[in-house]
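Each chain, written out:
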Amino acid sequence: MEEVKISTEYITLDQFLKYVGIAETGGKGKQMILDGLVRVNGNIELKRGKKLYRGDTVSVNDRHFVII
């Protein structure tokens with residue numbers, strides 16, 4: 001599991017996907033979320049504006065992240 005440090009209280013899911021390089025653009029990240037390819041804390045997440053906080057986990061394909 002890859003650790004991703006954030007310096008703010010939270011980061012939105014679409015911003016996170018761009019930040020870690022999973023999505024080259026916001027539009028691609030949005031489509032990945034709408035296609036059900038992204039899991040947050042083990043559950044499929046369909047809201048691109050979902051707020052992620054420290055301790056949350058994000059999984060996309062074979063990559064797994066934890067926010068610290």
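Read on for a plain summary of the structure. Keep in mind that this is a model prediction, so the values were computed, not measured. Within each chain, residues carry numbers counting from 1 in the order of the written sequence. Given that this is a predicted model, residues contribute local features only at a pLDDT of at least 70 and side-chain atom pairs are listed and counted only at 80 or more, while totals for whole chains, interfaces and linings are drawn from all residues. Hydrogen atoms and water are omitted, and side-chain values are computed over all heavy atoms in the structure.

Relative to strand 7 (residues 63–67), strand 1 (residues 2–4) is paired through three bridges, and the arrangement is parallel. Note that in strand 7 the partner of Glu2 across the bridge is Phe65. Hairpin geometry of strand 6 (residues 57–60) and strand 7 is characterised by an intervening segment of two residues between the two adjacent antiparallel strands and by a positive phi of about 55 degrees at Asn61. Pairing between two strands is assigned when DSSP locates at least 2 bridges connecting them. Secondary structure elements are defined from DSSP: runs of H or I of at least 4 residues count as helices, runs of E of at least 2 residues count as strands, and each element is numbered from the N terminus.

Moving on, we come to the pairing of strand 6. Pairing between strand 3 (residues 38–40) and strand 6: three bridges, direction antiparallel. What sits directly across from Val40, in strand 6, is Val58. Where strand 6 and strand 7 come together, four bridges link them in antiparallel fashion. Pairing of Thr57 across the sheet is with Val66, part of strand 7.

Even without glycine at this site, Asn41 takes up a positive phi of about 50 degrees. Here Asn61, not a glycine, exhibits a phi torsion of approximately 55 degrees, which is positive. Checked against the element boundaries, Asn61 lands in the loop between strand 6 and strand 7. Burial classification: accessible surface area is computed with a 1.4 Å probe over protein chains only, and a residue below 20% of its type maximum counts as buried, one above 50% as exposed, and the rest as partly exposed. Given the relative accessible area of 62%, Asn61 is considered exposed.

In spatial order, the strands read 1-7-6-3-4; together these five strands make up an open sheet with mixed pairing. Of all strands in the sheet, those bounded by a partner on one side alone are strand 1 and strand 4 (43–44). For strand 3 and strand 4, the ladder comprises two bridges, and the chain directions are antiparallel. Bridge pairing in strand 4 links Arg39 to Ile44.

With that settled, the discussion passes to helix 2 (residues 26–34). The α-helix winds at 3.6 residues per turn, so residues separated by three or four positions along the chain end up facing the same way. Among the residues making up helix 2, those that are buried are Gly29, Met32 and Ile33. Relative to the axis of helix 2, the buried residues are bounded by an arc of 100 degrees and lie together on one face. In this description, contact between two residues means that some pair of their heavy atoms is separated by no more than 4.5 Å. Close packing links the buried residues of helix 2 with helix 1 (13–19), strand 3 and strand 6. With its phi angle positive at about 75 degrees, Gly36 sits one or two positions after the end of helix 2. Arc definition: directions from the helix axis to the C-beta atoms.

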